[in-house]
Amino acid sequence: MRATPATHGILCKRRAKVTLPDLYKDGDIIIGGIFNMHLDRNHDSNKFTSTPKSTACKSFDFESFRLAQTMIFAIEEINQNKNLLPEITLGYQIHDDCSSPSIASKTALALINGEEESVEYSECTGSSNVAAIVGCGASTNSIVTARTVGYFGIPLISYYSTCSCLSDKKEYPTFFRTIPGDQYQSRILAELVRTFGWKWIGTIRSNTDYGCFLLLQIPRAVCSEPCLPGTRKVSRKGQPICCFECAECPDGEISNATDSTDCIECPVEYWSNQAKTECVFKKIEFLSFGEALGFILVTLNLLGVCFSLATAVIFYRYRETPIVKANNSELSFLLLFALLLCFICSLAFIGEPSVWSCMLRRTAFGVVFVLCISCILGKTILVVIAFRATLPNSSVMNWFEPAQQRLGVLILTLLQGLVCAVWLGVSPPYPHKNMNHYRDIIILECDVGSMAAFCIVSAYIVLLSIVCLVLAFFARKLPDNFNDAKFITFSMLIFCAVWITFIPAYVSSPGKYTAAVEVFAIWASSFGLLFCIFAPKCYIILLKPENNTKKHMMAKGTSL
C-alpha cells in the first residue's frame, strides 16, 4: 500500500526548475540525494537581460559518483529485506550540483517542491516531494542545503527509519548503534552483504540546526589495499582499473599522499628519505678534521713538521762540524724549510673546501715542491761539480758559490710562482659540488679551474724530479764519504715511486678518499726526502761523533 502524506491547509509549490540530469526511482517514500558528481561547470556571466543558459557540468568525479551508487545500493538492499520496512518501498531522486553552492540550493528546493512552473499562494502548508535529503559531497554545499531545507522541516532519514521494527535491538542488534560521547545523535547504518556479512557504510548525524545527515562511507576495492605514501599505484594487467599493485618509489623520488599514481622526483640537491615520503638534503661529504681518517693524516703531517724542526735544530747546533759544512749547510737549511712547508701545505687539503683553501692547495703545493726539488737539484749538481773541480786548472766551482746556489734555486722557484700567479689570475681553482659520482651524496671538492695551468705546474715538478734523479744516479759511484748522491738517488726514487703510485690511486678513489690519497702522497714523498737525505747525517752527528771529523771526511774508502 502506498503511503499518502497528510496535508494541512492548501498545498502549494515554489518554482525551482532544474535541468541537470538526475537518477530517479519511484517508491512510497522518496529520499533525495545531492552529490557533486562533477568538479566544475561552465561559468557564464548572467547579464539579467535574457534567460540564463542551462548549466553545463564538466570534470566528472568518479569518487562522488560512487557515493551516489552507494546510496542506491543501500536503498535497494532495504527494499529487498521484507522485514525492515514491510509493505513500504523506498525510492530515490538524486541530482548533481556541479560543486556549486547555488546549484545545490536550487536542487534542494526542487527536491522539496518539485519543478512546477507556478506558485498558487504566497502562504501555504503541506508535505514535500522527498522525505529526507542525503548530501552534499562538499562542506560548503552541505551547509547551504541544510539551511535551505531546514525551514521546511525536512528531517535524514531517521524519521522514517526509527520505527519499532528497526529500533528493536533484540531483533536487529547491529543495525543502529549509538556512539557514546558524541554531541550529536549518531547511529551507524549497516548493509547486508551476503558473502561477507554486516558491513558499516556510514554515519547518521542529527542536530537542531541543520537536520540530519547520512555520511556514507566510500566502498573500498576488494582486490587492492590503499597505496600508502612512499608508493605508487601500478595497474594489474588484464584486471579492472580498481585493481592495482603498490610499487615503492624509486630512489630519489617520493609520494606524500595515499593512492598516488606517480612519484615526484626530488630536486637536484635533495634525496628521498628511507620511507620515500619526503625529500631531504643529500649527505655532504669531504675530508674533515673531525673524522678518523682526517685525524690520522693531520697527526702524520704534524710528526713530519716535528722531525723537520728537530733536524733543523740538530744541523744548527752542529753547523760548524765538518759533516754539516760538507753537505752545503745553506741548501740543507733551505731544503729543511721547504720540507717543513710541504708538511704544512698538505693540511690545506683537509677540511671543507673554500675559495681560499682551493687556491692554496694547488698553488702552494706547486711552489713548495719546486722549492724542495730545486734545493735537492742544487745539492746534486754541487756533488758532481765538486769532484770535477779536483781536475787541474778547473774553475767550475767558481760558478757554484753559495750566492749562485741561492740564485739558481730562486730562479727555478720563481718560474713556478709565475705560472701559479697567471693561474690564479685567469682561472683559479674553486670549490665544486660533485653530484655525478654518487646519486645520494654531494662531494665537496676543489676543481682545478684552468686545466692547462694545472698541467704546466705538474709537468714542471716532474721535469725537475727527473733531472735530479738522473744526475744523482750517475753520481752514485763517487767516493762514499764525500758522496751525498746515493742518498739523493734513494730519496728521488721514493719520491717518484710515490707519485707514480698516486696516479691510479687518485683516479680510483671516490669522494673524500681522493683528497686523502693526495695528502698521503705529499706526506710520504716529503718524509722520504727528509729521511733519506738527513737521517744518515743525524746518525753520525748524534751517535758517531768520532766520524764527524775533517780527517775522516777526506779519507778514502770509508763510508758515512
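Use the structure listed above.
Owing to the predicted nature of the structure, the values given are computational and were not obtained by experimental measurement.

Undergrad: Even after reading the chapter, I still don't get the overall build of the chain, so can you show me in this structure?
TA: Summing up its helical and strand segments, the chain has 14 helices and 18 strands in all. A buried classification covers 42% of the 560 residues belonging to the chain. As presented, the chain carries roughly 31200 Å² of accessible surface, and 62% of it is formed by carbon and sulfur atoms.

Undergrad: Help me out: how do you make sense of the nonpolar core in this one?
TA: Within soluble globular proteins, side chains that are nonpolar tend to cluster in buried spots. Ranked by size, the top nonpolar core spans 56 residues in total, and within it Ile 376, Met 492 and Phe 495 carry the most contacts. Of all the elements in the fold, those that place two or more residues in this core are α6 (292-317), α7 (322-326), α8 (329-345), α9 (355-388), α11 (451-474), α12 (485-508) and α13 (512-543). Among the elements that line this core, the one with the most residues is α13, at 14 residues. Not counting residues within four places of it along the chain, the set of residues in contact with Phe 495 comprises Phe 369, Ile 373, Ile 461, Ser 465, Ser 525 and Leu 529.

Undergrad: Would you mind going over the sheet that holds strand β6 (residues 132-135) with me for this structure?
TA: Sheets are built from strands that pair by backbone hydrogen bonding, the pairs being arranged parallel or antiparallel. Read across the open sheet, the four strands follow the order β1-β5-β2-β6; overall the sheet is mixed. Every interior strand has two partners, whereas the edge strands, β1 (22-25) and β6, have only one. Taking each pair of neighbouring strands and ignoring which way they run, the sheet shows an average axis angle of 20°. Note that β1 and strand β5 (residues 90-96) share four bridges and pair antiparallel. Bridge pairing links Tyr 24 to Gln 93 in β5. Taken strand by strand, helix α1 (residues 62-80) contacts β1, β2 (29-35), β5 and β6, and its axis lies near 175° from that of β5. Against the sheet, helix α2 (residues 101-113) makes contact with β2, β5 and β6, and its axis sits at roughly 175° relative to β2, the strand it touches most.

Undergrad: I'm lost on the sheet that holds strand β17 (residues 430-434) in this one. Help?
TA: If you walk across this open sheet you meet the three strands as β16-β18-β17, and the pairing is mixed. In this open sheet, the two edge strands, each paired with only one partner strand, are β16 (283-285) and β17. Direction aside, the axes of adjacent strands within the sheet are offset by 30° on average. In the sheet, β17 pairs with strand β18 (residues 441-447) via five bridges, with the strands oriented antiparallel.

Undergrad: Teacher, can you tell me more about the environment of Ala 515 here?
TA: By secondary structure assignment, the location of Ala 515 is in helix α13. Residues Ala 515 and Ile 350, 165 residues apart in the sequence, show an inter-C-alpha distance of 7.4 Å. Residues within four places of Ala 515 in sequence aside, it is in contact with Leu 287 and Phe 349.

Undergrad: Whenever I open this one, α6 confuses me. Can you help?
TA: Structurally, the α-helix is built with 3.6 residues per turn, so residues lying three or four positions apart point the same way. Its 26 residues place the ends of α6 37 Å apart at the C-alpha level, agreeing with the 38 Å of an ideal helix rising 1.5 Å per residue. What α6 keeps buried is the set Gly 294, Leu 297, Val 298, Asn 301, Gly 304, Val 305, Ser 308, Thr 311, Ile 314 and Phe 315. Its buried side turned inward, α6 meets α7, α8 and α13.

Undergrad: What exactly am I supposed to notice about the packing of α8 against α13 here?
TA: Geometrically, a packed helix pair is captured by the angle between its two axes and the distance between the axes. Two elements in contact, α8 and α13, have axes separated by 9 Å at closest approach and are oriented at 155°. The angle between the axes of α8 and α13 places the two elements in the roughly antiparallel class. Where α8 crosses over α13, the handedness of that crossing is left-handed. Across the interface between the two elements, Ser 332, Leu 335, Leu 336, Leu 339, Cys 342 and Phe 343 of α8 pack against Ile 522, Trp 523, Ser 526, Phe 527, Leu 529, Leu 530, Ile 533 and Phe 534 of α13.

Undergrad: Honestly, the pattern of salt bridges in this entry has me stumped. Any pointers?
TA: For side chains of opposite charge, pairing can occur when their charged atoms come near one another. All told, the structure shown has seven salt bridges when counted by the stated rule. With a closest N to O distance of 2.8 Å, Glu 76 and Lys 25 form a salt bridge. One end of the pair, Glu 76, is in helix α1; the other, Lys 25, is in strand β1, with 51 residues separating them in the sequence. Residues Lys 276 and Glu 248 are paired through a salt bridge, measuring 3.3 Å at the closest nitrogen-oxygen approach. Here the residue Lys 276 occupies a position in the loop between β14 (270-272) and β15 (279-281), and Glu 248 occupies one in strand β11 (residues 244-248), the gap between them amounting to 28 residues. Lys 276 sits in the buried class, given a relative accessible area of 6%. A single network of salt bridges, built from pairs that share partners, joins Glu 248, Asp 251 and Lys 276.

Undergrad: How should I be thinking about the state of the cysteines in this particular structure?
TA: Linking two cysteines covalently through their sulfur atoms gives a disulfide. In the structure shown here, the tally under the stated rule is five disulfides. There is a disulfide in this structure between Cys 57 and Cys 98, and the S-S distance comes to 1.6 Å. Sign of the S-S torsion, about 45° for the bond between Cys 57 and Cys 98, identifies this disulfide as right-handed. Of this pair, Cys 57 sits in strand β4 (residues 57-60) while Cys 98 sits in the loop between β5 and α2, placing them 41 residues apart in sequence. For Cys 98, a relative accessible area of 0% gives the class buried. Across the disulfide, Cys 249 is cross-linked to Cys 263 (sulfur-sulfur distance 2.1 Å).

Undergrad: Is there a simple way to think about a nonpolar patch on the surface in this case?
TA: Residues Leu 407, Leu 410, Ile 411, Leu 414 and Leu 415 make up a contiguous nonpolar surface patch of about 460 Å² in total accessible area. Structurally, Leu 410 can be placed in helix α10 (residues 402-426).

Undergrad: I'm lost on the packing of aromatic side chains in this one. Help?
TA: Describing an aromatic ring pair means giving the distance of the ring centres and the angle of the ring planes. Under the criterion given, the structure shown has 13 aromatic pairs. Between Phe 369 and Phe 495, the ring centres sit 5.6 Å apart and the planes meet at 40°, which makes this aromatic pair tilted. Taken together, the positions of Phe 369 in helix α9 and Phe 495 in helix α12 put the pair 126 residues apart, joining distant regions of the chain. Each of the two residues, Phe 369 as well as Phe 495, counts as buried. Between Trp 523 and Phe 527, the ring centres sit 5.2 Å apart and the planes meet at 20°, which makes this aromatic pair stacked. On the criterion of helical spacing, the pair formed by Trp 523 and Phe 527 is a turn pair, its members being four residues apart in helix α13. A connected cluster of aromatic rings, assembled from ring pairs, spans Phe 365, Phe 369, Phe 495, Trp 499 and Phe 502. Across from the ring centre of Tyr 316, 4.1 Å away, lies the NZ or CZ of Arg 319, which sits over that ring.

Undergrad: Any chance you could explain the packing of α12 against α13 here in plain terms?
TA: Orientation of α12 relative to α13, taken along the N-to-C sense of each, is 175°, at an axis distance of 9 Å. By the criterion of interaxial angle, the relationship of α12 to α13 is roughly antiparallel. Residues of the contact of α12 with α13, tallied by class, amount to 18 nonpolar, four polar and two charged.

Undergrad: Please clarify how the environment of Glu 278 should be interpreted in this entry.
TA: Relative to the helices and strands, Glu 278 resides in the loop between β14 and β15. With 49 residues separating them in the primary sequence, Glu 278 and Pro 229 have C-alpha atoms 9.3 Å apart.

Thresholds applied
Here the residue numbers are simple positions, counted from 1 along each chain's written sequence. Note on the predicted model: pLDDT of at least 70 is required for a residue's local features to be given, and 80 or more for side-chain atom pairs to be given and counted; whole-chain, interface and lining totals, by contrast, use all residues. To obtain the side-chain values, all non-hydrogen atoms of the structure were used and water was disregarded. The secondary structure listing takes helices from DSSP runs of H or I that are at least 4 residues long and strands from runs of E that are at least 2 residues long, numbered from the N terminus. Working definition: with a 1.4 Å probe on protein chains only, accessible area under 20% of the residue-type maximum means buried, over 50% means exposed, and in between means partly exposed. Each accessible area is a Shrake-Rupley estimate made with a 1.4 Å probe; only the visible protein chains count as cover when residues are assessed. Residues belong to a common nonpolar core when they are buried Ala, Val, Leu, Ile, Met, Phe, Trp, Tyr or Cys residues joined through side-chain atoms within 4.5 Å. Contacts: residue pairs with any heavy atoms within 4.5 Å of one another. At least two DSSP bridges between two strands are needed for those strands to be called paired. Comment: axis = line fitted to C-alpha atoms, over the contacting stretch for helices; angle = value between 0 and 180 degrees taken between N-to-C directions. To estimate the expected span of a helix, count its residues, drop one, and scale the result by 1.5 Å. In what follows, roughly perpendicular refers to angles from 65 to 115 degrees, roughly parallel to angles under 35, roughly antiparallel to angles over 145, and oblique to any angle outside these ranges. By the definition used in this description, the sense in which the near helix is turned from the far one sets the handedness, with an anticlockwise turn below a right angle giving left-handed and a clockwise turn giving right-handed. By salt bridge we mean one thing: a side-chain nitrogen of Lys or Arg within 4 Å of a carboxyl oxygen of Asp or Glu. By definition, disulfides here are pairs of cysteine sulfur atoms that lie within 2.5 Å. Here, patches come from residues exposed beyond 30% relative accessible area and free of salt bridges, joined within 9 Å for like charges and within 5 Å for nonpolar side chains (Val, Leu, Ile, Met, Phe, Trp, Tyr). Each Phe, Tyr or Trp ring, with Trp reduced to its six-membered ring, pairs with another whose centre is within 6.5 Å; inter-plane angles below 30 degrees give stacked pairs, above 60 give edge-to-face pairs, and intermediate values give tilted ones. Think of it as a cone above the ring: NZ of Lys or CZ of Arg counts as a charge over the ring if it is within 6 Å of the ring centre and within 35 degrees of the ring normal. In this classification, Asp, Glu, Lys and Arg are treated as charged, Ala, Val, Leu, Ile, Met, Phe, Trp, Tyr, Cys and Pro as nonpolar, and every other residue, Gly included, as polar.

These figures come from the coordinates and say nothing about function on their own.
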